[in-house]
Amino acid sequence: QSETSLSGRRPTPAVDPPVAAMLTSAYSGKREGCPCCEERVAKRGGARFMARARAPSAACEDCVLPPPVPLADAGAEVPPFVWPRTPADIEAATKEVEAASQAALDAVAAVPKDKLSFETVIRPLMEVPYYKTNHLVCQSKHLQHCSTDPVMREAATKAASAFAALKKGGKTRKDVYAKVLAFSESAEAKGLPEYEAYFVGAILNGFERSGLALSPEQAAELRKLLDEDTEVCSKYKTNLGEDKSKITFAPEELEGCDPEFIKDRTDKETGQVVITLKMPDVLPIMQYCAVAETRRKVTIARDCAYGNNLDLCAQGVQLRKKSAAILGYKSWAHYVTERRMSGSPEKVFAFLGGIEEKAKPGALADKERLRLLKKAHLEERGESTDAEVTIESWDVAFYHAMILKREYGVDHEAIRKYFPCPVVVEGTLSIYQELLGLKFTEIHKFDTWHPEVRLFVVHDAATSERVGHFYLDLHPRDGKYNHAAIFHLLKRKQLPDGSWQTPVDCMLTNLPAPSADGKPALLRHDDVVTFFHEFGHIMHGLCAEGAANSTTLAKCPRDFVEAPSQMLENWCYNRGVLQRLSKHVESGECLPEANVTALLAAKNVNEGLMMLRQLYLGLLDLSIHGESPPADAAGLQALVDELRPRISLLNNPPGCNMLRNFGHLMNQYSAAYYGYLWAEVLSADMFASRFEQDPFSKEAGMAYRKTVLAPGGVGSIAGHLAKFLGHEPTQEPFLRSRGILK
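Residues numbered from 1 in each chain as written. Predicted model: local features only at pLDDT ≥ 70, side-chain atom pairs only at ≥ 80, totals over all residues. Heavy atoms only, no water.

**Comments concerning the packing of helix α13 (residues 279–288) against helix α14 (residues 292–304)**
Here is step 1: Viewed as axis vectors pointing N to C, α13 and α14 meet at an angle of 145°, and their least axial separation amounts to 9 Å. For the element pair α13 and α14, the recorded crossing hand is left-handed. In contact with Met 279, Val 282, Ile 285 and Met 286 of α13, α14 contributes Thr 294, Arg 295, Val 298, Thr 299 and Arg 302.
Here is step 2: Residue composition of the contact of α13 with α14, by class: 5 nonpolar, 2 polar and 2 charged. (Axes fitted to C-alpha atoms, helices over the stretch in contact; angles between N-to-C directions. Helix = DSSP H or I, 4+ residues; strand = E, 2+ residues; numbered from the N terminus. Left-handed = near helix turned anticlockwise from the far one by under 90°. Contact = heavy atoms within 4.5 Å. Nonpolar A, V, L, I, M, F, W, Y, C, P; charged D, E, K, R; others polar.)

What follows is the structure, given as structure tokens:
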């Protein structure tokens, strides 16, 4: 087999000008008579990519999933994944994980009293087969987020539910808990070093938070509630991923949008422009379409779509409330924040309230500035009326972009030409290698789930020791996870021979794809920031060191986990970095100095209004997970209708509710969305204290890697942070960086 057919993609050439000549998609061609090619070209890159047995009979080889790559043939530097080709593959692996997990827990439960030790009781629970230390776990469930085959997505979703049930079941094993409790009281346990002692405490805490102190009846009820919540969240997520909503517009209804954007989405038979609810379609319309009615329709469609998700959200909220009550907590927010840096929802409300008080005066000024611009714009278009001009939710992004262009000379559509996706990707990888003392090497022969996926192996630049691997899957397609996120596929673990299994991460984003005629994808500066941010999460996952970073028991607190990546966003507003990340698609020139200056000057435009939006999202999350959450979808609607204008200063359009697509609150971010702002306060202090003077300081970069990233979730995050900063964190750098304090 050729390298292309083995890996599912062709090697990407070096990034040299002119970028337009670069290979932008390994599968931009089209084979006559192949139904998958027809579909792929029509959908701007969304290939079928099924196994031969499931693909249409006329499908060409480029559209068929190649056979698995034998790991021995691919080389020792590839991850241990052989991605499933059929639902039966997933079902078999799931059963294997279930059997191995049951055996591991049974073995701990059977340890005699005189044989209790760290190695017989604790070590096995650090590596229970349902954890991501076992490659079969993510090999079985990851395709729910990225397969083009709905049957495979469904099978992977079932596997994920099975693993979630396994984890919940493992945490309710009283016989296993009894062994851990007995060991924790032994002389060996009391004499453990801090690192190992941390893990004993984490396992005990996990059992107790899962209801092991409850009566049998209460424990059974808790497990039932948690299982139902898992199922509800799975249905909600499926509605998001499977959504096929489309809106059609006449080309003139998209006045102001880039002609290429319109052309790529125009149906050749009807002449109508077909828009999905995915962000690469939505964002350009909200920012650049001069027709307010078009922006309104897109806004309402997005906040009214996704099936019965509002009902599912209400169900999930009630299930979590009941679960927290059984465990003795006043609310789900109290249960969640107990293990966060914040410690309690009361402390979070005080934190958010303090920022709201400082941000609101600027936000009111921002809103009035937008309102006056809208009034002038309507007069220019001959659309002014006697009615009072107000700023609606679908106006903010459009008039924000207009301010940037008219008053600061920032035209994000024009700037896109300086940010071809391959240039941004390669530039970002180069900067991270330099900053953290790492070396990335692309692998071309590997098993994959789609031809656009890339794989890299990471080594320490000084020692050549392997640190891990990461996959990049960057462009939208039907059925794929519809936001940007990092998935930790494999965790660090010491193997029986003393060597280490190294972690594997995957980035799934929906950055614009190359056009059907092969033109390279061009990114907005916001896309550049998103990619740089998400890649920071990959580095956090890969650079965590030590055995205790191998499982969910050593996760970073949710209100800190965003801080490292948020800190790294500052590099995207640095002159030197912007030049390294840019190269004009035709001329190969870097972003001109005048554009850089304008971009930096406009960084905090409308920041007060933007910050109130973040506060609204965090308060909405805490409200629905508080002591008296809404009982049903109608209650959620009433809450949004009241809370949004009060906090964000923008009215909520009738019937619209972002809880239909606010996926964070139906996964690990429930009662934790405030963490973005909480972490940003910490991130601003890290940047100001250690990197502001020299963003490429190798000394600061290595200290960041070893002091902040390496510990993972072990020990006191506040202590690690204070050590890196040289002082306790404060809000002042954050407020200054956002322009709220001068």
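**Re the sheet that holds strand β11 (residues 504–508)**
Here is step 1: Strand order in the open sheet formed by 5 strands is β5-β6-β7-β11-β8, with mixed pairing between adjacent strands. Edge positions in the sheet fall to β5 (438–443) and β8 (485–490), since each has one partner strand and no second. With strand direction ignored, the average angle separating the axes of adjacent strands in the sheet is 25°.
Here is step 2: Two elements, strand β7 (residues 466–473) and β11, share 5 bridges in a ladder whose sense is parallel. (Pairing = 2+ DSSP bridges.)

**Looking at the packing of helix α21 (residues 525–543) against helix α28 (residues 698–709)**
Here is step 1: The N-to-C vectors of α21 and α28 enclose an angle of 65°; their axes lie 10 Å apart at closest approach. The orientation of α21 relative to α28 falls into the category roughly perpendicular. Where α21 crosses over α28, the handedness of that crossing is right-handed. Contact with α21, carried on its side by Met 539, His 540 and Cys 543, involves Arg 705, Val 708 and Leu 709 of α28 and no other residues of that element.
Here is step 2: Grouping the constituent residues of the contact of α21 with α28 by class yields 4 nonpolar, 1 polar and 1 charged. (Parallel < 35°, antiparallel > 145°, perpendicular 65-115°, else oblique.)

**Quick look at the side chain of His 142**
Here is step 1: Considering the arrangement of structural elements, one finds His 142 in the loop between α6 (135–141) and α7 (150–170).
Here is step 2: On the basis of relative accessibility, which here comes to 2%, the residue His 142 falls in the buried class.
Here is step 3: What His 142 contacts, discounting residues up to four positions off in sequence, is Trp 83, Trp 449, Phe 487, Leu 489, Cys 506 and Leu 508. (Buried < 20%, exposed > 50% of the residue type's maximum accessible area, 1.4 Å probe, protein only.)

**Details of the environment of Pro 124**
Here is step 1: Position of Pro 124 relative to the elements: it lies in helix α5 (residues 118–126).
Here is step 2: Pro 124 gets classed as partly exposed once you look at its relative accessible area, which sits at 26%.
Here is step 3: The spacing of Pro 124 and Val 108 is 16 residues in sequence and 7.4 Å in space, taken between C-alpha atoms.
Here is step 4: With residues near it in sequence (within four places) discarded, Pro 124 still touches Val 108, Phe 118 and Glu 119.

**As for the pattern of salt bridges**
Here is step 1: Applying the stated criterion to the full structure yields 36 salt bridges.
Here is step 2: Measuring nitrogen to oxygen at the nearest pair gives 3.0 Å for the salt bridge that ties Arg 381 to Glu 383.
Here is step 3: Given the relative accessible area of 27%, Arg 381 is considered partly exposed.
Here is step 4: Two residues, Arg 738 and Glu 680, come together in a salt bridge whose shortest N-O distance is 2.5 Å. One end of the pair, Arg 738, is in the segment after α30 (732–737); the other, Glu 680, is in helix α27 (residues 675–691), with 58 residues separating them in the sequence.
Here is step 5: Residue classification places Arg 738 among the buried residues on the basis of a relative accessible area of 12%. (Salt bridge = Lys/Arg side-chain N within 4 Å of Asp/Glu carboxyl O.)

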